[in-house]
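The residues making up each chain are set out below.
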Amino acid sequence: MKRPLASFLTLSLLLLSCNFLQPTPSPPPSAPGPDPMQTPWDDRTHFKSGLVASAQSVLNGLAGASVYRIEFTIADNLYQVAGTEEVRYTNTEDVALNEIHFRLFPNILGGGMTVSNLSVNGQSAAPRFGLENSLMIVPLPAPLEANQSVVLKMDYAVTVPQAVELNYGVLAYYDDVLALAHAYPMIAVYDDEGWNAEIPPQDGDVTYADAAFHLVRVRAPKELTLVASGREISRGEEGQAQVLIVANGPARDFYLAASPKYEKISQTFGEITVNSYAPRELRDGAQFALEVAVRAIDAFSERYAPYPYTEFDIVSTPTLALGIEYPGMTAIASRLYDGNRDSRMYLESTVAHEVGHQWFYNLVGGDQLDDPWLDESLTQFVTLQYFADEYGKVGEDEFRASLEGRWARVNNEKIPIGLPVSAYRGAEYSAIVYGRGALFFLALREEMGTDAFDAFLKEYTASLSWGIAAPEYLQSLAEQKCACELDALFEEWVYP
Ligand SMILES: [Zn+2]
């Protein structure tokens, strides 16, 4: 749907919204019956309600995806978390593996994570650590052959920093909001580099992960409103704690935000419910974010692939980024909710951008550290398509001007968009990956023709759903769709 465009500075504009305030339902009593956490590894029944009908066929696939059973307790002080994790890992490579690598990200996000009582198929194991303790290497008692599985179990504890200065405050307890990002031992990706792990530069995203399934039981003080990736499958109480079980997957991460101040507003369209959580005084912003998310999910579902989940959550947090993407969720900086004109503009473009990551980060994965253009540049282009779909040519032109403005911050230097995050200096990362990178996709569309380009992005999304993208594949698929040669264009924009 196109709407008339009000004048605006660089990014976006105000919109009317229509939604309703939904009171938080009182928790239903826990259903008696088998403990969902003990569901057999291959039983994906609990994940069905979290997926729209057209996405449920994935439950019969992804046989080798890791399955996590995570239980954790948030302490009364709200900055300590203690848990257990049991995970079944399947070797989907064509070589035998002698070890499995886990990331313990809190150790490089200003907090701390320790692991104890580690076992492999019930046998105690002694891990090694690296990358400033953000990497835990678990030796296997015997090589794990292709298609074989192993079950690892461990206890873990997390201390959450009470500050937001490091990595944008993705992991923080600050201003009455607990943001638990990457706060469980996560299996790294094994790819053509072997086990692929590095310390993420401060500028960029932290993770590189395969799609997995997570069953998560959270115990937390009752006064918190908990917002998590995935779909709630049970809720109850144990003494002074609330107990929530969620099923999340397929997904590349599990995220949870919690606050005693959150209030929820919701809108349901088709099979999808979008929830927006913020303190009462930020309700207008929360409402606007909700409206933008609904429209963006609708537009991108049409353009790329159906949004896979039955739920999408937006949480306001004190993050120093504008917004951060997680599977089925986004954290948006609460400072954008203040209702002033500039904040509104950034709120719309940020929510549209973070919603876009549901396709290009979560559904189609990538190495966010080595190939940030595959998620960030493409998602900036997707944001431009949102403005074009909503406001027509004038919306597209205004957003393109903001991309050109970003690139101009490095004097339009032709720095390749296809470098790892660590190769960019100072302002270059934002200017090139978020500015020039999106302009590349406009140049690609120009070269291919709009019809071929649209068909290419649709097929790119479908063929890589729940997989991992690679630059060479993107180019070869584009060339196939336009029946043209794109080496020169990619040389000019992408490759060093
Ligand atoms: Zn992004």
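Residues numbered from 1 in each chain as written. Predicted model: local features only at pLDDT ≥ 70, side-chain atom pairs only at ≥ 80, totals over all residues. Heavy atoms only, no water.

(A) Geometry of the pairing of strand 8 (residues 135-144). Judged from the 6 bridges that link them, strand 4 (residues 97-103) and strand 8 form a sheet pairing that is antiparallel. What sits directly across from phenylalanine 102, in strand 8, is methionine 136. As judged from the 3 bridges shared by strand 7 (residues 128-130) and strand 8, these two strands associate in the antiparallel manner. Following the sheet pairing, glycine 130 is matched in strand 8 by leucine 135. Linking strand 7 back to strand 8 in an antiparallel pair, the connection comprises 4 residues, with leucine 131 at a positive phi of about 45°. (Pairing = 2+ DSSP bridges. Helix = DSSP H or I, 4+ residues; strand = E, 2+ residues; numbered from the N terminus.)

(B) Representation of the packing of helix 3 (residues 372-408) against helix 5 (residues 450-464) in the model. Their axes nearest at 14 Å, the elements helix 3 and helix 5 cross at an angle of 130°. It follows from the interaxial angle that helix 3 and helix 5 lie oblique. Our pair here, helix 3 against helix 5, has a crossing hand that is left-handed. Side by side, helix 3 and helix 5 meet where Leu374, Leu378, Phe381 and Gln385 of the first sit next to Phe453, Asp454, Leu457 and Tyr460 of the second. Per-class residue counts for the contact of helix 3 with helix 5 are 6 nonpolar, 1 polar and 1 charged. (Axes fitted to C-alpha atoms, helices over the stretch in contact; angles between N-to-C directions. Parallel < 35°, antiparallel > 145°, perpendicular 65-115°, else oblique. Left-handed = near helix turned anticlockwise from the far one by under 90°. Contact = heavy atoms within 4.5 Å. Nonpolar A, V, L, I, M, F, W, Y, C, P; charged D, E, K, R; others polar.)

(C) Spotlight on the coordination of the zinc ion. Bound to the zinc ion are the protein donor atoms His353 (NE2), His357 (NE2), Glu376 (OE) and Glu376 (OE), situated 2.0 to 2.7 Å from the metal. Every donor counted, the 4 donor atoms about the zinc ion form angles of 52 to 151° at the centre, which fits irregular coordination. Site description for the zinc ion: donor spacing in sequence, H-x3-H-x18-E. Classification of histidine 357 as buried rests on a relative accessible area of 0%. (Donors = N, O, S within 2.8 Å, 3.2 Å for Na, K, Ca; no water. Tetrahedral: all angles 85-135°; square planar, octahedral: opposite > 155°, others 65-115°. Buried < 20%, exposed > 50% of the residue type's maximum accessible area, 1.4 Å probe, protein only.)

(D) Spotlight on the sheet that holds strand 2 (residues 67-74). Here 8 strands make up an open sheet; going across it, the order is 6-5-9-3-2-15-18-17 and the pairing mixed. For this open sheet the edge positions go to strand 6 (123-124) and strand 17 (231-238), each flanked by a neighbour on one side alone. With 2 bridges connecting them, strand 5 (residues 112-120) and strand 6 associate as antiparallel partners. Pairing of serine 119 across the sheet is with serine 124, part of strand 6.

(E) Seen up close, the sheet that holds strand 4. Spatially, the 4 strands line up as an open sheet ordered 7-8-4-12, and their pairing is antiparallel. Only two strands of the sheet have a single neighbouring strand rather than two, namely strand 7 and strand 12 (186-187).

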